[in-house]
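Inside the fold
For reference, the chains in residue letters:
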Amino acid sequence: MLTIASVNVNGIRAAYKRGMGAWLEARRPDVVLLQEVRASDEILADHLPTGEWDLAHEASETKGRAGVAIASRLPMTAVRIGLGTGVTGDSGRWVEADLELPAREGTPARTLTVVSTYLHSGTLGTPSMDEKYAFLDHVTARLAELADRGGYAVVAGDVNIAHREADIKNWKGNLKSAGFLPRERAYLDRWFDDLGWHDLGRELGGEGPGPYTWWSWRGQAFDNDAGWRIDYQLATPDLADAAVSATVDRAATYAERFSDHAPVVVEYDL
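The structure presented is a predicted model; accordingly, all values stated were derived computationally and were not measured.

1. Structural notes on helix α5 (residues 182-194)
Over its 13 residues, α5 runs 17 Å from end to end, which matches the ideal 18 Å to within 8%, given 1.5 Å per residue. All of the buried residues along α5 are E184, R185, Y187, L188, W191 and F192. Where α5 is buried, its residues meet α4 (127-149), β9 (198-199) and β10 (231-235).

Now the structure itself:
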């Protein structure tokens, strides 16, 4: 089995102080896709040593913001940074790598493309929503390219959009909130219905409601499971056929959380 975990760490230094290292040691994923790293290349390598991991990282141009990374126990054969938008606010939001899969007897070497992405959160009625929609257009174009290429590819991360009512506890109260707007959700419709990507968290995680992947630090949101499912692993059809399980690693208690997001972990029979 190949295990891929994706998680918004809300700052890798803070996450490790809260116990991320213990989770990583217990889970032992083959690939970790990180969002909101909020650190330099050097700090990332301090936490995920290069002797154990191959690393690809795009830090944000704005210090202390965003940042996406890939940590892989499989060798990387290529790395691509960003989507080429040229917009400062788009930095630290997209990194992809080609990984060399172990060869099977009698078959040629296989490649798995993995992407870690962190989409803008956006605020309704502000320029940040225009920035989010502009970036979503670039993401959609790249998803179309990857889908047309075929083969194995997974795009994972914090999309900051709940797709359906089953993906957000208080959906009635958020119909006019960023993250659950009809225009935002329509992008996911296109990814799944038109481009053929598979939402493994939903397909393998049941009809819902939930399991949620993000809960506010404030109030009783976590204890009451008043969350949002905004973290995804999206797979091409070939890779989706190999997916056997999808789990949200929700912490047992509020005190044991290392981020306001929980890891999404998928096992693939490759």
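The structure having been displayed, the exposition proceeds.
2. Description of the layout of surface pockets
Computed from the structure, the largest pocket encloses a volume of approximately 570 Å³. Lining the largest pocket are 27 residues, with S121, N160, W214, W228 and I230 positioned closest to its centre. Looking at side-chain class alone, the lining of the largest pocket contains nine nonpolar, 12 polar and six charged residues. Taken as a whole, the second largest pocket encloses approximately 260 Å³ of empty space.

3. Let's talk about the UniProt feature "domain: Endonuclease/exonuclease/phosphatase" (unreviewed entry) in the protein
Taking the numbering used here, the UniProt-annotated feature "domain: Endonuclease/exonuclease/phosphatase" (unreviewed entry) corresponds to residues 5-261. Secondary structure content for residues 5-261 is 27% helix and 24% strand, and the end C-alpha separation is 12 Å.

4. Quick word on the nonpolar core
If you look at the biggest cluster of nonpolar residues, it comprises 29 residues, and the most contacted ones within it are L2, I4, I70, L99, L112, V114 and Y268. Take this core: its biggest share by element is four residues, from strand β6 (residues 94-101). Other than its neighbours up to four places away in sequence, L2 contacts D30, L74, L101, L112, V266, E267, Y268 and L270. Judged by nonpolar contacts, the second largest core, of 24 residues, contains L143, L146, I161 and F192.

5. Digging into the pairing of strand β8 (residues 152-158)
Judged by how many residues are buried, β8 sits mostly within the fold: six of seven residues are covered. Inspection of the sheet shows strand β7 (residues 110-118) paired to β8 by seven bridges, in the parallel sense. Residue pairing across strands places T113 opposite A153, the latter belonging to β8. Remark: the β7/α4/β8 crossover connection has right-handed handedness. Bridging between β8 and β10 involves five bridges; their strand directions are antiparallel. Its bridge partner lying in β10, G157 is registered against Y232.

6. So, α4
For an α-helix the count is 3.6 residues per turn, leaving residues at separations of three or four pointing the same way. For α4, built from 23 residues, the straight-helix expectation of 33 Å at 1.5 Å per residue is met to within 8% by its first-to-last C-alpha distance of 34 Å. Taken together, the buried residues of α4 touch β5 (76-81), β6, β7, β8 and α5. Looking at the residues trailing α4, positive phi occurs at G150, about 75 degrees.

7. Overview of the packing of α4 against α5
Closest axis-to-axis distance for the α4/α5 pair is 11 Å, and the angle between their directions is 5 degrees. Relative to α5, α4 is oriented roughly parallel. From α4, M129, K132, Y133, L136, D137, V139, T140 and L143 reach across to α5, where they touch R183, E184, Y187, R190 and W191. Across the contact of α4 with α5, the residue classes break down as seven nonpolar, one polar and five charged.

Rules of the game
Residues numbered from 1 in each chain as written. Predicted model: local features only at pLDDT ≥ 70, side-chain atom pairs only at ≥ 80, totals over all residues. Heavy atoms only, no water. Helix = DSSP H or I, 4+ residues; strand = E, 2+ residues; numbered from the N terminus. Expected span 1.5 Å × (residues − 1). Buried < 20%, exposed > 50% of the residue type's maximum accessible area, 1.4 Å probe, protein only. Contact = heavy atoms within 4.5 Å. 1 Å grid on protein atoms, 1.4 Å probe; cavity = no way out; pocket = protein on both sides within 12 Å on 5 of 7 lines; lining within 4 Å. Points joined across faces, edges and corners; volume = space filled by probe spheres on them. Nonpolar A, V, L, I, M, F, W, Y, C, P; charged D, E, K, R; others polar. UniProt positions renumbered as here; feature names shortened; annotations may be inferred. Core = buried A, V, L, I, M, F, W, Y, C linked by side-chain atoms within 4.5 Å. Pairing = 2+ DSSP bridges. Right-handed = clockwise from strand over helix to strand, strands pointing away. Axes fitted to C-alpha atoms, helices over the stretch in contact; angles between N-to-C directions. Parallel < 35°, antiparallel > 145°, perpendicular 65-115°, else oblique.

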